[in-house]
Amino acid sequence: VFFIGCVNPPPNKSEDMSSNDADIINKASSQKGFILSEGFIKADDETFLSILIDAQGLVNLSAQERSENLIRWKKNTEIYIKENSNNYEENIIINKSPLTPSQNILDMFKEQIESQANQLLANGIEFKLTNSGFGKYHDMFEYIFFKSKLNIDGLNRYSCQYIISVNNQGYHIVVNTAEGLGIDDVFTEIN
């Protein structure tokens, strides 16, 4: 949810997640990127927009903020959904970001999450930050993480957010699942 909100600053305008970026997301392990575990597939354009529009409905944003966010995210974001699922609530969002893991970023996110969660969220949504800190993906790439539990009209969902630096590029990854899956569960490899 906070991927959609005010916590994530806009990425650099020069950064674009286009098909020419070989280091973003690839299925072939011989190339650089994020290699997904089985069970998740890339969202088509219609699903991509639907997920972002639905997620924005969970947060109190103006119409202009929503429009600006959609334009920005279309250029810098990839979304994957759980295969053979009738709903798109279980997804992985990978966004190029100017942020990299640091104590300052961890502190900033924690403060904003704790102080703004109830103000940003729409009615009928309860939010609880369950854990945060530093980690390392396969002892190679440092990240900061934020794990949270949401109750949306009686349905529990889990969101695990990561700021990770891969080959000197920052990424904001959000893993939204019913089971509380994390970075080690959804990626077989990051290189």
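Conventions we followed
- Residues numbered from 1 in each chain as written.
- Predicted model: local features only at pLDDT ≥ 70, side-chain atom pairs only at ≥ 80, totals over all residues.
- Heavy atoms only, no water.
- Helix = DSSP H or I, 4+ residues; strand = E, 2+ residues; numbered from the N terminus.
- Contact = heavy atoms within 4.5 Å.
- Buried < 20%, exposed > 50% of the residue type's maximum accessible area, 1.4 Å probe, protein only.

A look at the side chain of Thr47
Logical step 1: Checked against the element boundaries, Thr47 lands in helix 1 (residues 45–56).
Logical step 2: Once residues lying within four places of it in the same chain are set aside, the contact partners of Thr47 are Ile81 and Tyr88.

Section: unusual backbone geometry
Logical step 1: Of note, His138 is a non-glycine position whose phi angle comes to about 50°, a positive value.
Logical step 2: Within the secondary structure layout, His138 lies in the loop between strand 5 (125–137) and strand 6 (141–152).
Logical step 3: We classify His138 as partly exposed; its relative accessible area is 46%.
Logical step 4: Of note, Asn167 is a non-glycine position whose phi angle comes to about 50°, a positive value.
Logical step 5: Within the element layout of this structure, Asn167 appears in the loop between strand 7 (155–166) and strand 8 (169–177).
Logical step 6: Looking at Asn167, the relative accessible area reads 42%, which means it is partly exposed.

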